[in-house]
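What follows is each chain in one-letter form.
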Amino acid sequence: MQQFLFLCSRNRLRSPTAEQLFAGRPGISTDSAGLAPDADTLLDAEQIRCADVIVVMERAHRSKLLQRFGPQLKGKKLVCLDIADNYSFMQPELVALLEKRMAPYLR
């Protein structure tokens, strides 16, 4: 089972959409969190420890992640989808973009 951790700023729109979208697929387990102090679920070290693949929505998220958790990311696959914060939760355009950009990592 491969564990995917999806990250965005506040864990309200993009990362929860990705978590829900890919949950339940064969061989995949999902989780999500946010990097901003006011995130609904704030990222913690345990989530990183459990993740095989960490997926961020923007390059800025990757930078924050590396600053805060750099040593704990050793051996983790880090993916940036380059999806801006322009979508609502489960918006069809966001779902389509997530499906397209995640396709190479779900094989």
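Right above here is the structure, for reference.
A quick note: this is a predicted structure, and the numbers were derived from the prediction, not measured.

**What about the overall build of the chain?**
- Of regular secondary structure, the chain possesses 4 helices and 4 strands.
- Of the regular secondary structure in the chain, the N- to C-terminal order runs β-α-β-α-β-α-β-α.
- At 12 Å, the chain has a C-alpha radius of gyration in line with the 13 Å of a compact globule built from 107 residues.
- Taking the principal axes of its C-alpha atoms as reference, the chain extends roughly 35 × 30 × 20 Å.

**Section: the pairing of strand 1 (residues 2–8)**
- Summarising burial for strand 1: 6 of the 7 residues are buried, a large majority.
- In the classification by handedness, the crossover that spans strand 1, the intervening helix 1 (residues 14–22) and the parallel strand 2 (residues 28–34) is right-handed.

**Considering the side chain of S32**
- Of note, S32 is situated in strand 2.
- Classification of S32 by relative accessible area gives buried; the value is 4%.
- Reaching out from S32, the side chain makes a polar contact with the side chain of N11 at a distance of 2.9 Å.
- Within the local environment of S32, its side chain forms a polar contact with the side chain of E19, the two groups lying 2.6 Å apart.

**So, the environment of S9**
- Structurally, S9 is set in the loop between strand 1 and helix 1.
- Between the alpha carbons of S9 and S88 there is a distance of 13 Å; along the sequence they are 79 residues apart.
- With residues up to four places along the chain from it excluded, the contact list for S9 reads R14, G34, L35, A36, A39 and H61.
- Within the structure, the side chain of S9 is placed 2.9 Å from the side chain of H61, a separation counted as a polar contact.

**Examining the packing of aromatic side chains**
- Applying the stated criterion to the full structure yields 2 aromatic pairs.
- Ring centres of F4 and F6 lie 6.2 Å apart, and the angle between their planes is 15°; on these two criteria the pair is classed as stacked. Each member of the pair, F4 as well as F6, carries the same accessibility label: buried.
- Ring geometry for F6 and F22: centres 5.7 Å apart, planes at 20°, overall stacked. With F6 in strand 1 and F22 in helix 1, this residue pair connects regions lying 16 residues apart in the sequence.
- Here a set of aromatic residues connected by ring pairs shows up, and it is made of F4, F6 and F22.

**Observations concerning unusual backbone geometry**
- Located in the positive-phi region is N11, a residue other than glycine, with phi close to 60°.
- Structurally, the position occupied by N11 is in the loop between strand 1 and helix 1.
- What makes N11 buried here is its relative accessible area of 8%.
- Phi at M90 is positive, roughly 60°, even though this residue is not glycine.
- Residue placement: M90 occurs in the loop between strand 4 (77–80) and helix 4 (92–102).
- For M90, a relative accessible area of 29% corresponds to the partly exposed category.

Conventions used here
Residues numbered from 1 in each chain as written. Predicted model: local features only at pLDDT ≥ 70, side-chain atom pairs only at ≥ 80, totals over all residues. Heavy atoms only, no water. Helix = DSSP H or I, 4+ residues; strand = E, 2+ residues; numbered from the N terminus. Rg over C-alpha atoms; globule rule 2.2 N^0.38 Å. Buried < 20%, exposed > 50% of the residue type's maximum accessible area, 1.4 Å probe, protein only. Right-handed = clockwise from strand over helix to strand, strands pointing away. Polar contact = N/O pair within 3.5 Å; in protein donor to acceptor, adjacent residues only side chain to side chain. Contact = heavy atoms within 4.5 Å. Phe/Tyr/Trp six-rings, centres within 6.5 Å; stacked < 30°, edge-to-face > 60°.

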